[in-house]
Amino acid sequence: MASFIERMYLQLTLVLSISLGIIQAVDRSNFKTCEQSAFCSRQRALRPGQSSYRALLDTLELSDSRLTLQLLNNNNKVRLLLELYRLQGNITRVKINELKPIKPRYEVPDVLITDPPTEPMSVVAQDERGVVLSLGGVDRRLYVNAQPFRLDIMEGPKLVLSINSRGLLAFEQLRMRKDTISHKITSTVGSMWDKIKNVFSSSNDQKDTEEAGKKEDTEKIEDKASEGEEQEMEVDQPGMWEETFKSHVDSKPNGPSSISLDFSLPGVEHVYGIPEHADSLRLKNTDGGDPYRLYNLDVFQYELFNPMALYGAVPVLLSHNTHRTTGLFWLNAAETWVDISSGQGSGEVPQTDVRWISESGIIDVFIMLGPRPADVFSQYASLTGTQAFPPLSSLAYHQSRWNYNDQEDVAAVDRGFDEHDIPYDFIWLDIEHTDGKRYFTWDKNNFPQPKDMLQGLMDKRRKMVTIVDPHIKVDSSYKIHSEIRSRGYYVKNKDGGDYEGWCWPGNAGYPDFTNPEMRTWWASMFAYDQYEGSMENLYTWNDMNEPSVFNGPEVTMLKDALHGPWEHRDVHNLYGLYVQMATAEGQIRRSGGLERPFVLSRSFFAGSQRYGAVWTGDNSAEWGHLKMSIPMCLSLGLVGISFCGADVGGFFKTPGTELLVRWYQAGAYQPFFRAHAHLDTPRREPWLFGPDNTALIREAVRQRYALLPYWYLQFYQAHRTGQPVMRPLWVEYPEDVTTFTIDDGYLIGRDLLVHPVTDEGSRGVTVYLPGNGEVWYDVHTFQRHDGALHLHIPVTMSTIPVFQRGGSIICRKNRIRRSSSCMENDPFTLYVALDPQGNAEGELYVDDGHTFKHETDRQFIHRRLRFTSNTLSSSDLSPDSQFPTASWVEKVVILGAQEPKAVTLTSSGGGESSVEFEFDPVTLVLTLRKPDVNAGVDWTLQLQ
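Keep in mind the model is a prediction, meaning the values are calculated, not measured.

Conventions we followed
Residues numbered from 1 in each chain as written. Predicted model: local features only at pLDDT ≥ 70, side-chain atom pairs only at ≥ 80, totals over all residues. Heavy atoms only, no water. Pairing = 2+ DSSP bridges. Helix = DSSP H or I, 4+ residues; strand = E, 2+ residues; numbered from the N terminus. Core = buried A, V, L, I, M, F, W, Y, C linked by side-chain atoms within 4.5 Å. Buried < 20%, exposed > 50% of the residue type's maximum accessible area, 1.4 Å probe, protein only. Contact = heavy atoms within 4.5 Å.

Caption draft 1: Broad picture of the sheet that holds strand E34 (residues 726–727). In spatial order, the strands read E34-E35-E36-E41-E38-E39; together these 6 strands make up an open sheet with antiparallel pairing. Every interior strand has two partners, whereas the edge strands, E34 and strand E39 (784–786), have only one. In the sheet, strand E36 (residues 752–754) pairs with strand E41 (residues 802–805) via 3 bridges, with the strands oriented antiparallel. Its bridge partner lying in E41, Leu 753 is registered against Phe 803.

Caption draft 2: View of the nonpolar core. Core analysis: the largest hydrophobic core is formed by 153 residues, its most contacted members being Phe 329, Met 464, Trp 522, Phe 598 and Tyr 664. Considering each element in turn, this core owes the most residues, 8 residues, to helix H15 (residues 708–721). Setting aside residues up to four positions removed in sequence, Phe 598 forms contacts with Pro 391, Ser 394, His 398, Phe 426, Trp 428, Val 465, Tyr 539, Thr 540, Gln 587, Ala 613, Phe 643 and Phe 672.

Caption draft 3: Representation of unusual backbone geometry in the model. Following Gln 147, the chain continues to Pro 148 via a peptide bond in cis, the omega torsion being -5°. Mapped onto the elements, Pro 148 comes out in the loop between strand E7 (140–145) and strand E8 (150–155). Between Pro 275 and Glu 276 the backbone carries a cis peptide bond, its omega angle lying at 25°. One can find Glu 276 in the loop between strand E14 (270–273) and strand E15 (292–294). In this structure, Val 555 is a non-glycine residue whose phi angle is positive, near 60°. Along the chain, the position of Val 555 falls in the loop between strand E27 (538–542) and strand E28 (562–563). Using a relative accessible area of 16% as the deciding quantity, one classes Val 555 as buried.

Caption draft 4: Expanded view of the pairing of strand E48 (residues 903–907). Bridge count between E48 and strand E52 (residues 939–943): 5 bridges; the pairing is antiparallel. By the bridge assignment for E52, Leu 905 is matched with Leu 941. Both E48 and strand E49 (residues 912–914) contribute to a ladder of 3 bridges, which runs antiparallel. When the bridges of E49 are listed, Thr 904 appears paired with Ser 914. As consecutive antiparallel partners, E48 and E49 are separated by 4 residues, and within that stretch Gly 910 has a phi angle of approximately 95°, a positive value.

Such coordinate-based values are descriptive only and should not be taken to indicate function.
Structure (structure tokens):
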């Protein structure tokens, strides 16, 4: 009876939460503003002005790898330690910590892929006013101004960036409460004295040691007390030692610990990044409003054009003007607010000031000096790694909803795609597939034979994703819970017991994924003999990993919960990264290290790109959310996370047919392409909206499949170089100011420009085609357009505005089958778009699509395709690699061509043959048919 009552209560709770969610958008009162966040309010109350810190030049120490210097707070005499590093690749690292903290402050681990390699620094000049350091080159300098403390990075006479020029450096040191200081001194010294007497009671030498030890320990404690007393001259403010939000109390045993630092960017009007926010690509001025917030939260049906926090946080900001791109990487995992103020600097020069405020930790910032956008991406990748190279199939189409009911439902949906000739690769199961929200299990009534279900998909070369969330049902009969509890792997509450909160299973524990032992154990649970019913075509979705706690403050974990020695406030934004990290490792380990993983995560941090994909969370079936999916994914790509998408059709609410079709058309040209829907919405499989709409959706999905070779190449390049797959126009056209605010059109790689239709009832769109002197070709009509102009395009419901850059070669597979794996050996069609000089270049990348053999055994094909002097050639870019492919080139389409008299193919074997061709004098399209040459060998096509 108890279990029945529990189930009924959970179902009622679920129904109520769903009903409330469908009726209204996010309840803003559940989430803090800066004014309601004690440390943000406290820090933001500081006004720009002269800094209270000065650099003590007599403490300067310089080694080959770093410079250290003490900073003194003139107000309370507390000292900080400044560390400066010149890193390889034109990066400067600035660290600031307490010189003598009463306990260690948190420094973020596991995000940097290695200890960044340094380069020598040297002192160029020094006097009583400051120090000048060389940062390499003949004119790159770092100026350290002593009083007030300030750092300036210069290139020749030009100021690139200033640190603390507004005097907003603030560092709240850890301290003891004044009502405990005297008690701690007396009791601690007495305790130490008693212990020393017991141990050293037998000899005079030991007595001398005893006296010395007692004196030293007493002095240390008195020093700390003295520092605390000096600080206590400042008036305590509300929220320093305890903070209440609604009914939740956050105890703060270390008291105030926040940090702040400002950066000034002269000549800059445009800044980007710091996802995740449902806002424009270009970051807005926050003067007079809330700062942008970085604090991973489960936000139900989020609002648009709002700086409030969402599911992920990447503390990386990029600034850009026509001369330079610069990046700031603020390595801190605590709740963080970012203030942006744009206006005039000295004279008429524009300037943007950026201030970072974090609740705890240290100041650890990497200044990536570019100067080109591609340089900043490479610099950031050298610190946190590149996008994981995903399995090819994961770049295809995914079908999901909360929830497919049972095995027959899955089979029926699978058949529906075949019956309507729509390809797909993955079908997804949400939380209802489990046994009572016990992850790593199956509902025995609805999914009694999961291996049979998976085998049926495998027979069609398709796959499945199941959800595995990081809240674990508290149930002694549940193996996962029992093992985590017995091993002590749960997050603890402030009193040392297991932290428990409310989530989908009801009462739940939260594994401490910051513990590497916990992550190793979690990874072991994906083994086929542990995750019963799983097979090699089953992959994973990590949801609710902010972490989401329904009855917690701001729907997340109490900040005074404990992860070993650290409070949750220190590590909060890392939690989701660690969950995805452990899950990806589990997929790799289950295959013996052979297979590439696919893991989707809702929560993320800097470095999450190394572990899989993300999506934009619980969006709504509204035109504004469709439009917003573009800048949200563009922002993520700028900070390393290329594998991004939004729920096609919107998660909440019910889309009209026009919105649904337009969303499929947009989603087909975004990196992660998944349709997903809420439990309470009507079914929306692609064939349920009439034959006309089915045909439109089918065509959009088929366009995605035809372009999979190009998508795969872009992800290969992103994995190698850190360049974003989906990128703003300004990345490739950094001197074109028109591109700086465009976020309704974008590039895939360098060569495809996409401008989805995102307005209801649209009869036309205006597309900006960049590049003075360049040309672009409509990929559907092959019509040629000049660059550096705004082009108005009439649209119908079948229109997806996509353009190929003149000077590029793109490979497609135009034989669309039921899944990407079925297309493995199909032929390529090459689309050669000539530039005004009659030239073009591109690349082709092929491997097995799913293993690590491209790295371990160099089993891949990477070829350069080049058209010049009327000759199209394929040459090997990686002669030391090899991979057999049955794919061949069956057609070449040359855009902007002239009619040849003949076309001759010469292959690697030395043989020559004539190639059939057709020429359209109206569109200037030359089609070469059936060259029938293997895609992995050298060949040339000569136009005569």
